[in-house]
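Overview (structure and organization)
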Amino acid sequence: MSTLNYQITELNNGIRIVTETVTHVQSMAMGVWVGVGSRYETEAENGITHFIEHMLFKGTKRRSAQDIAAKLMLSAVKSMLLPVKNILATM
C-alpha cells in the first residue's frame, strides 16, 4: 500500500500547484486544471470555454491537438526554468 505524498502550493496570483513525489520512478508528469469554465462566462463570452476545449483536445485545421499540447508544454517548461536562469545569472 502506497502513501500519497503531495503538496499544494498557492502562488501570489492564485494559481495552485499540486506536486507529488513518487520515489520509485525517474520521470515527470504534468497536469493542468483550471478553476474556470462556462459557468463563469458572461453572455458575450458564451461558448468560448467549449471552443477552447475543442482546440486543446481535437486541434484546429492548422494544428493538431498534439502540436498544441507540445507548444503548451514548451511554454510551461520555459516558465519554470526562467527563475532558475535568473538565479544562475547572479552567481
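**Examining the overall build of the protein**
A count of helical and extended segments in the protein gives 2 helices and 2 strands. Reading the secondary structure of the protein in the N-to-C direction produces β-β-α-α. Per-residue burial for the protein yields a buried fraction of 4% across its 91 residues. Looking at the protein as shown, the accessible area adds up to about 9,000 Å², and 58% of this sits on carbon and sulfur atoms.

**Let's talk about the confidence of the model for the protein**
Chain-level pLDDT for the protein is 78 on average; 81% of the residues reach the 70-or-more range. Across the protein, element-level confidence peaks in strand β1 (residues 6-10) with a mean pLDDT of 84 and bottoms out in helix α2 (residues 65-89) with 77.

**Details of the environment of I48**
Structurally, I48 can be placed in helix α1 (residues 48-58). Each C-alpha atom of the pair I48 and S38 lies 7.6 Å from the other, and the pair is 10 residues apart in sequence.

**Some words on the pairing of strand β2 (residues 16-20)**
Regular strands place their side chains on alternate faces of the sheet. Sheet analysis places β1 next to β2, joined by 5 bridges and oriented antiparallel. Pairing of Y6 across the sheet is with E20, part of β2.

**Considering the pairing of β1**
Where burial is concerned, little of β1 is hidden: 0 out of the 5 residues are buried. The hairpin turn running from β1 into β2, its antiparallel successor, is 5 residues long, and G14 in that turn takes a positive phi close to 95 degrees.

**So, a nonpolar patch on the surface**
There is a patch of nonpolar side chains on the surface, built from I48, F51, I52, L56, F57 and L72 and spanning about 600 Å² of accessible area. For the nonpolar patch, the element with the most residues is α1, which contributes 5 residues.

**Regarding a positive patch on the surface**
A cluster of basic residues, R62, R63, K71 and K78, forms a positive patch on the protein surface. Looking at where R63 falls in the secondary structure, it is placed in the loop between α1 and α2. Residue classification places R63 among the partly exposed residues on the basis of a relative accessible area of 45%.

**A short note on the side chain of E41**
Examined against the element boundaries, E41 turns out to sit in the loop between β2 and α1. This buried residue, E41, is left without a salt bridge; R39 holds the nearest opposite charge, at 11 Å. A distance of 3.4 Å separates a polar atom in the side chain of E41 from the backbone nitrogen of I48.

What counts and what doesn't
Residues numbered from 1 in each chain as written. Predicted model: local features only at pLDDT ≥ 70, side-chain atom pairs only at ≥ 80, totals over all residues. Heavy atoms only, no water. Helix = DSSP H or I, 4+ residues; strand = E, 2+ residues; numbered from the N terminus. Buried < 20%, exposed > 50% of the residue type's maximum accessible area, 1.4 Å probe, protein only. Areas by Shrake-Rupley, 256 points an atom, 1.4 Å probe, with all protein chains shown as cover. pLDDT = per-residue confidence, 0-100. Pairing = 2+ DSSP bridges. Patch = residues over 30% accessible without salt bridge, like charges linked within 9 Å, V, L, I, M, F, W, Y side chains within 5 Å. Salt bridge = Lys/Arg side-chain N within 4 Å of Asp/Glu carboxyl O. Lys, Arg positive; Asp, Glu negative; His and termini not counted. Charge placed at Lys NZ, Arg CZ, Asp CG, Glu CD. Polar contact = N/O pair within 3.5 Å; in protein donor to acceptor, adjacent residues only side chain to side chain.

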